[in-house]
Amino acid sequence: MTNRLAKRLKQLRAERGLTQAVLAQRAGLTLSYIGRIEIGRHDPRLSTLRKLAKALKVTVADIVK
């Protein structure tokens, strides 16, 4: 799941033309944390997925597809 989530998050971010830094700022997370998620080194909690979904203007389900 972690690798699929990593790819999906990176895809959604890229589709919106956002850098990791901008996404981190919008979601209230650190740049390094976003980076770890996108390379599959961290499996985020549901609360973090909610923050990311809000920042990307998608649902949590869209991220975990």
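What counts and how
Residues numbered from 1 in each chain as written. Predicted model: local features only at pLDDT ≥ 70, side-chain atom pairs only at ≥ 80, totals over all residues. Heavy atoms only, no water. Helix = DSSP H or I, 4+ residues; strand = E, 2+ residues; numbered from the N terminus. Rg over C-alpha atoms; globule rule 2.2 N^0.38 Å. Buried < 20%, exposed > 50% of the residue type's maximum accessible area, 1.4 Å probe, protein only. Contact = heavy atoms within 4.5 Å. Axes fitted to C-alpha atoms, helices over the stretch in contact; angles between N-to-C directions. Parallel < 35°, antiparallel > 145°, perpendicular 65-115°, else oblique. Left-handed = near helix turned anticlockwise from the far one by under 90°. Nonpolar A, V, L, I, M, F, W, Y, C, P; charged D, E, K, R; others polar. Expected span 1.5 Å × (residues − 1).

Novice: Is there a simple way to think about the overall build of the chain in this case?
Specialist: Broken down by element type, the chain carries five helices and zero strands. When its helices and strands are written in sequence order, the chain yields α-α-α-α-α. Here the chain has a C-alpha radius of gyration of 10 Å; the compact-globule value for 65 residues is 11 Å, and the two agree. Taken along the three principal axes of its C-alpha coordinates, the chain extends 25 × 20 × 20 Å. Here the chain, with 65 residues, has 38% of them falling under the buried criterion. By sequence separation, contacts in the chain at least 24 residues apart represent 53% of the contacts at least 6 residues apart.

Novice: Where do I start with the packing of helix H1 (residues 2–15) against helix H4 (residues 46–56) in this structure?
Specialist: Each packed pair of helices is defined by two parameters, the angle between the axes and the distance between the axes. Where H1 meets H4, the closest approach of the two axes is 10 Å, and the angle between their N-to-C directions is 25 degrees. By the criterion of interaxial angle, the relationship of H1 to H4 is roughly parallel. Crossing hand, H1 versus H4: left-handed. Residues Leu5, Leu9, Leu12 and Arg13 of H1 form the contact with H4, whose participating residues are Leu49, Leu52 and Leu56. Among the residues forming the contact of H1 with H4, the class breakdown is six nonpolar, no polar and one charged.

Novice: Can you help me understand H1 in this one?
Specialist: Given 3.6 residues per helical turn, the α-helix brings residues three or four places apart onto the same face. With 14 residues, H1 should cover 20 Å at 1.5 Å per step; its first-to-last C-alpha distance of 20 Å lies within 8% of that length. Along H1, the positions that sit buried rather than exposed are Leu5, Ala6, Arg8, Leu9, Leu12 and Arg13.

Note that every value here comes from positions in space, so none of it alone points to a role or purpose.
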